[in-house]
Every structure is written in structure tokens, then in C-alpha cells.
2 protein chains.
Amino acid sequence: MSDAALWSALADPHRRAIVALLLERPRPVGEIVEACGLSQPSTSKHLKVLREAGLVRVRQDAQRRVYALDPAPIAALDAWLEPYRRLWNRSLDALGRRLDETSDDT
Amino acid sequence: MSDAALWSALADPHRRAIVALLLERPRPVGEIVEACGLSQPSTSKHLKVLREAGLVRVRQDAQRRVYALDPAPIAALDAWLEPYRRLWNRSLDALGRRLDETSDDT
DNA sequence: TTCTTGCATTCCTTGACTGGAATATAACTG
DNA sequence: CAGTTATATTCCAGTCAAGGAATGCAAGAA
């Protein structure tokens, strides 16, 4: 659940695809394998990385394992993003002011 | 500026540290080298990755190159995060409801 | 218990990334 | 122009992650 694990988990495009799949609804491994076009072992390894980063949780259903998103780490990302978002808003403000000034020329 | 470049640029902890440094203020390479404790070449390579991901911009000042954050890619990350943030809010709501119900027991 | 299904783990190979040392380059200085 | 400063690039290991094939393992079915 460390920050580093979170970032490196999401750095991989296949894992981001899995996360997006799980955003729609929880799914068993088989569905994920089919959807992302990787081999089953490879998919299982990605799921392990996501699990260890705290991004997904597993529930056992007979022989199947149903994976679901855990929303908590998202909050961590959001918190990381916060100061940058402030920077972004400031620059939007600056752009707005510049546009206002420019509009005086017309 | 692709999504993939953005994620893999931020996947590295040194690069996140550089980004955090530049959040405070723009800095020349020398300062960044000193602050993150890497060799100058290694730092320059990280800066190149950040540049190619669109996260930073360079301004030349005599022999120095002053790097600054470009706030635009932050918006992309924020957009990516949006649907997950909604999920997170839903789960907070659910938690709130459960706590409300539990409070009836007292 | 034996067979099958669904998933995890191990082994191995390959390709990508990282860091430092050495080197190149561009801009200022005298 | 020669020298110096600030940064980028190249070269070269060492490390690590990713993918497939083969294998292991647990849970149900017969």
C-alpha cells in the first residue's frame, strides 16, 4: 500500500486496463483474461501486483476468484495530486486574466 | 504527451521527487542535482523523460537551463482519476449509511 | 477417490530502465 | 581564441519487470 507500489502498479497499461474493467463491476479472473488478451498466468501476476498495491480485493466464489476494486488507494492518488491541481487552477486563472486583457484590444 | 508516457514518467520515485521540487519553484539543473542526490547525467536523463512526457518545460538562462512544471498533464491525470473518485464517494456514502444504522444500537 | 475446472506459482528468456563514468556541446569569460 | 561553466549525450554494465510454458494446488463434480 506504499505510494511507490501504487505508482508502479498503475504504470503498466495492462494493469490500468484491468482496473478500468473492475470499475464497471467485479469480475472473476477468467473474464479478465479474456478481456485483456493476455495469458492466464500473466494476468494472474498482474492481479497479484494490484493486490499488493491495495488496489483490488479478492472474494472466493466456489473455484472462482472474483476481483473488485478497492477505492481507498484512489484517495491517496487524489491527495498526491492536490497541490498540483492548485497549480493548475492558478495557471487557468492567469490564462483567464490574460484573455480578459486581450479582449480589451477589440 | 501520451497517457502511457505520463504514467511511466511518474512511476519513478526520483522523477516524482523532481516534480515535487519544481512544484515549489522553477529550478536550474544544478539545484535539482544537488537536491535529489543523483549524478548530473542521471538527473539530466530524468529531466528528459519528464520533458518528453510534457510534465516540465525548459527555459534557457545564459548557460543554465531552468526547468519548470507544466500544469497541463496534471489535468489529464485528474481526468483519469475522475470515475474512480466517483466510486470512492459512493463507498464513502455507503460507509456513512452503515455508521448511521449502527448508531441506532446505542 | 479420481477427474476437471479455475487460478496461482515457478522457471526461463528477453527487453527495458537505471546509474555512473566518460565525453560532447553550448554559452559565457578573459 | 582558449578556458570554464552548465548541461546533454553516449557507452556500458547491472537490475528488474513482463510474458509464455509448464507445473502446482484448491475446490467442486462424478
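Residues numbered from 1 in each chain as written. Chains lettered and ligands numbered in written order. Predicted model: local features only at pLDDT ≥ 70, side-chain atom pairs only at ≥ 80, totals over all residues. Heavy atoms only, no water.

1. With respect to the protein's contact with DNA strand D
Part 1: Close to DNA strand D lie 23 residues, the nearest being His14, Lys45 and His46 of chain A together with Ser44 and Tyr67 of chain B.
Part 2: Atoms of DNA strand D within 4 Å of the protein: sugar and phosphate make up 62%, bases the balance.
Part 3: Contacts to DNA strand D include arginine 15 of chain A, whose side-chain N or O atom sits 3.1 Å from a phosphate oxygen.
Part 4: The side chain of lysine 45 of chain A places a nitrogen or oxygen atom 2.5 Å from a base oxygen of DNA strand D.
Part 5: Only helix H2 (13-24) and helix H4 (40-52) of chain A together with helix H3 (29-36), helix H4 (40-52) and strand E3 (64-69) of chain B provide two or more residues apiece to the surface near DNA strand D.
Part 6: Here the surface near DNA strand D takes five residues from H4 of chain B, the largest share from any one element.
Part 7: Here the residues of the surface near DNA strand D sort into six nonpolar, 10 polar and seven charged. (Near = heavy atom within 4 Å. Polar contact = N/O pair within 3.5 Å; in protein donor to acceptor, adjacent residues only side chain to side chain. Helix = DSSP H or I, 4+ residues; strand = E, 2+ residues; numbered from the N terminus. Nonpolar A, V, L, I, M, F, W, Y, C, P; charged D, E, K, R; others polar.)

2. Regarding the sheet that holds strand E1 (residues 27-28) of chain B
Residues and elements named next belong to chain B.
Part 1: Strand order in this open sheet of three strands is E1-E3-E2, and the pairing throughout is antiparallel. The open sheet has two edge strands, E1 and strand E2 (56-61), and neither has a second partner.
Part 2: Examined bridge by bridge, E1 and E3 share two bridges and lie antiparallel to one another. Directly across from arginine 27, in E3, lies its bridge partner tyrosine 67.
Part 3: The strands touched by helix H2 (residues 13-24) within the sheet are E1, E2 and E3, with E3 carrying the most contacts at an inclination of about 90°.
Part 4: Contacting E2 and E3, H4 crosses the sheet at an angle of about 120° to E2. (Pairing = 2+ DSSP bridges. Contact = heavy atoms within 4.5 Å. Axes fitted to C-alpha atoms, helices over the stretch in contact; angles between N-to-C directions.)

3. Topic: the protein's contact with DNA strand C
Part 1: Near DNA strand C lie 24 residues; those nearest to it are Gln40, Ser44 and Tyr67 of chain A together with Lys45 and His46 of chain B.
Part 2: Protein-adjacent atoms of DNA strand C, using a 4 Å cutoff, are sugar or phosphate at a proportion of 63%.
Part 3: Take aspartate 12 of chain B: an N or O atom from its side chain is 3.3 Å from a phosphate oxygen of DNA strand C.
Part 4: At a separation of 2.5 Å, a phosphate oxygen of DNA strand C approaches a polar side-chain atom of histidine 46 of chain B.
Part 5: When residues of the surface near DNA strand C are traced back to their parent elements, those giving at least two are helix H3 (29-36), H4 and strand E3 (64-69) of chain A together with H2 and H4 of chain B.
Part 6: Counting residues per element, the surface near DNA strand C draws most heavily on H4 of chain A, at five residues.
Part 7: Of the residues in the surface near DNA strand C, the class split is seven nonpolar, 10 polar and seven charged.

4. Section: the pairing of E2 of chain B
Residue and element names in this part refer to chain B.
Part 1: Pairing geometry for E2 and E3, over six bridges, is antiparallel. When the sheet's bridge partners are listed, arginine 57 is paired in E3 with alanine 68.
Part 2: Counting the residues that bridge the hairpin from E2 to E3 gives two residues, and of these alanine 62 lies at a positive phi of roughly 55°.

5. Quick word on the relation of the copies chain B and chain A
The two chain copies are related to each other by a rotation about an axis together with a translation along it.
Part 1: In screw terms, the move from chain B to chain A is a rotation of 180° and a rise of 0.0 Å along the axis, fitting with an RMSD of 0.1 Å. Seen this way, the second copy is the image of the first under a two-fold rotation axis. Using C-alpha coordinates, one finds that chain B approaches the rotation axis most closely at alanine 11 of chain B, a distance of 2.9 Å.
Part 2: The fraction of interface residues of chain B whose copies in chain A are also interface residues reaches 100%, indicating that both copies meet through the same surface. (Least-squares fit on C-alpha atoms with pLDDT ≥ 70 in both.)

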